[in-house]
Amino acid sequence: MKILVVEDDAVSMKLLSTILEKYAYEVITAVTGRDAISQLEKNLSIDIIMTDIMMPVMDGFHLLSYLRADVNHRRIPVILCSTRNDLVSVKRGIELGAMDYVVKPIEPDLLLSKLKRAEARVPGAALIVNHEELVCDILGRSLTREGIRVIMASTGARALEIIKENKICVVLTAIEMPEMNGMDLLIEIKENYPSIHVFLITGHDGQYGKEDVMSAGADGFITKPFTSAEISRRVRPFIK
Amino acid sequence: MNRAFDHERALAVAGGDKDLLKELIFLFIGQSPGLLSAIADAVQTGDAFELEHTAHTIKGALVNLGAKSATETASSLEAMGANSDIEHALTTLHQLVMEVEAFENAASEYAEISAE
C-alpha cells in the first residue's frame, strides 16, 4: 500500500514515515497541500493520504476540498493528523470528506488500527502489465482520468507480487513480454486469483489470437490500436 | 513525569524505537533555531497569522517528543496568533525559548545515555 504523508514539520514527518515503513507501507512525502497535489499527479497509485491540517501554502482543509472535487482522487481515503483536537476542526475535516482523524502525539497502535480501516476503503485497482513504459503510461493516464486507480508493472513476475499485496480487480496485460509472457501470467492469475478479470492486449500480428487467449481463461481481448474510451468501457464494470 | 522531557511518552510515540527517538531529538535540535527565529520574526513584526502558523509547526514537533511544558507554551503562542492578541507574545516567546532549551538539554542527555 502506498501512503502520501503531507506534513510540514520535519520531526512529525520523520516519525510518521518511519512508523509507516515499519508497517510495510510505501511512503511518499509532501510538505504542503500544493506539493501533495503534484505528488498525486506524478504517482498514479496512491492508496491512502495522511495529512496535517495547518500547513503553509495550502492547508489540509483546502487539500480535502480539492480532492473531493477531483474525479481522479475523490475516492482516496484521507486521514487527518493534527495537534488540533477541537470539535470544530474534527467536524470540518469529516464534512470535507476525511474518513478519520488522528491527534498528535501519535499513538502508533491507534494509527495502525485507523490505517487498517482506511485500507478496507481503498478502491480496487486496475493493474497494467507491459514492458513498454510508454504504453503503460498512456493506458494508465486514460484510466486515471476516468477515476480508476491504476498500478503498473513492467514484468509478469512483478505483477504477481503486486497482486499479492493489493486489491486488484482487473489486469490489463500485454501478451508479448520478455520472461513471463501475458499468456503465462493469465494462467497463473486464473489459477490463484480467479476473481480477477484479465484482459490481454496485442497487435494484429501477435503470436496468439483471440481464440487462444479466451480459451486460456481471459475475460477479454483488446487489439491495438485501442481508444481510451474503449479501455475505460471494458474495465470500468469490474472495478469495485 | 518530567515536564521538560517525558522520555517514556516520547519513546511510546516512537513505537519503543530508541534509535528513532534519538534521531528525532537530533533532528529537532538541528531545526529549533530556525523554528524559534520564525516565531520571533512574527512576534517582532506583529504578524498574528505567521505567529499562529509558526507556533503551530514547533508545537507539532514538541508534542511528539514528550516536551510537555514547551508544547503548552507553543500552544499559547498559537492561540495568541489565532486570536490576534499578541500583546504578551514576547514574554511567552522568552518562556518558550527557555523551555525548548530545557527540553533539548534533557533530551540530548537521554540520547547520549541511551547510546552507551
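Whatever comes next refers back to the structure up there.
About the cut-offs
- Residues numbered from 1 in each chain as written.
- Chains lettered and ligands numbered in written order.
- Predicted model: local features only at pLDDT ≥ 70, side-chain atom pairs only at ≥ 80, totals over all residues.
- Heavy atoms only, no water.
- Contact = heavy atoms within 4.5 Å.
- Salt bridge = Lys/Arg side-chain N within 4 Å of Asp/Glu carboxyl O.
- Polar contact = N/O pair within 3.5 Å; in protein donor to acceptor, adjacent residues only side chain to side chain.
- Helix = DSSP H or I, 4+ residues; strand = E, 2+ residues; numbered from the N terminus.
- Nonpolar A, V, L, I, M, F, W, Y, C, P; charged D, E, K, R; others polar.
- Buried < 20%, exposed > 50% of the residue type's maximum accessible area, 1.4 Å probe, protein only.
- Arc of directions from axis to C-beta.
- Core = buried A, V, L, I, M, F, W, Y, C linked by side-chain atoms within 4.5 Å.
- Right-handed = clockwise from strand over helix to strand, strands pointing away.
- Pairing = 2+ DSSP bridges.

**Here's the deal with the interface of chain A and chain B**
Contact with chain A, which involves 21 residues of that partner, is made by 23 residues of chain B. Here E107 of chain A ties to R9 of chain B by a salt bridge, and the two come within 2.9 Å at their closest N and O atoms. Counting every contact that joins chain A to chain B gives nine residue pairs in polar contact (both at pLDDT 80 or more). The greatest single-element share of the side of chain A that touches chain B, amounting to eight residues, is contributed by helix α1 (residues 10-22) of chain A. Along the lines of polarity and charge, the residues of the side of chain A that touches chain B split into nine nonpolar, four polar and eight charged.

**Let's talk about the side chain of D100 of chain A**
All names here are of chain A. With respect to the secondary-structure elements, D100 resides in strand β5 (residues 100-103). When its relative accessible area of 9% is taken as the criterion, D100 is described as buried. Within the structure, D100 has its side chain in polar contact with the side chain of K114 (distance 2.9 Å). With near-sequence residues (within four places) excluded, D100 lies in contact with V78, I79, L80, I94, K114 and R117.

**Structural notes on the environment of L200 of chain A**
All names here are of chain A. When you line up the elements, L200 lands in strand β9 (residues 197-202). Residues L200 and T173 lie 27 residues apart in sequence; the distance between their C-alpha atoms is 5.1 Å. Not counting residues within four places of it along the chain, the set of residues in contact with L200 comprises T173, I175, G182, M183, L186, V213, A218, G220, F221 and I222.

**Focus on unusual backbone geometry**
A cis amide bond links K104 of chain A with the next residue in sequence, P105 of chain A, at an omega value of 5 degrees. As for its placement among the helices and strands, P105 of chain A is situated in the loop between β5 and α5 (108-121). Of note in the backbone geometry, S84 of chain B takes a positive phi value of approximately 50 degrees without being a glycine.

**With respect to helix α3 (residues 60-69) of chain A**
Residues three or four positions apart in an α-helix share a direction because the helix packs 3.6 residues into each turn. Residue and element names in this part refer to chain A. Within α3, the full set of buried residues consists of G60, F61, L63, L64 and L67. For α3, the arc enclosing every buried residue in end-on projection is 155 degrees, short of the 170-degree limit, so these residues lie on one face. Here the buried face of α3 lies against β1 (2-6), α2 (33-42), β3 (48-51), β4 (78-82) and α4 (87-95). The backbone nitrogen of F61 has a side-chain oxygen 3.1 Å away, supplied by the residue at the start of α3, namely D59.

**Remarks on the nonpolar core**
Residues I106, L111 and L115 of chain A together with F28, I58, L62 and L96 of chain B are the most contacted members of the largest nonpolar core, which totals 57 residues. The element contributing the most residues to this core is helix α2 (residues 18-45) of chain B, with eleven residues. Sequence-distant contacts of F28 of chain B, defined by excluding residues within four places in its chain, comprise V11 of chain A together with L35, I58, A61, L62, L65, V100, F103 and E104 of chain B. In terms of nonpolar packing, the next biggest core, distinct from the first, is built from 24 residues, A125, A159, I175 and F221 of chain A among them.

**So, the pairing of β4 of chain A**
Residues and elements named next belong to chain A. Judged by how many residues are buried, β4 sits mostly within the fold: five of five residues are covered. Burial of β4 is two-sided: the residues V78, L80 and S82 facing one way and the residues I79 and C81 facing the other way are all buried. A crossover links β3 with its parallel partner β4, the connecting element being α3, and its sense is right-handed. Examined bridge by bridge, β4 and β5 share four bridges and lie parallel to one another. Opposite C81, over in β5, you have V102 as the bridge partner. Chirality of the crossover, the property in question, places the unit of β4, α4 and β5 among those that are right-handed.

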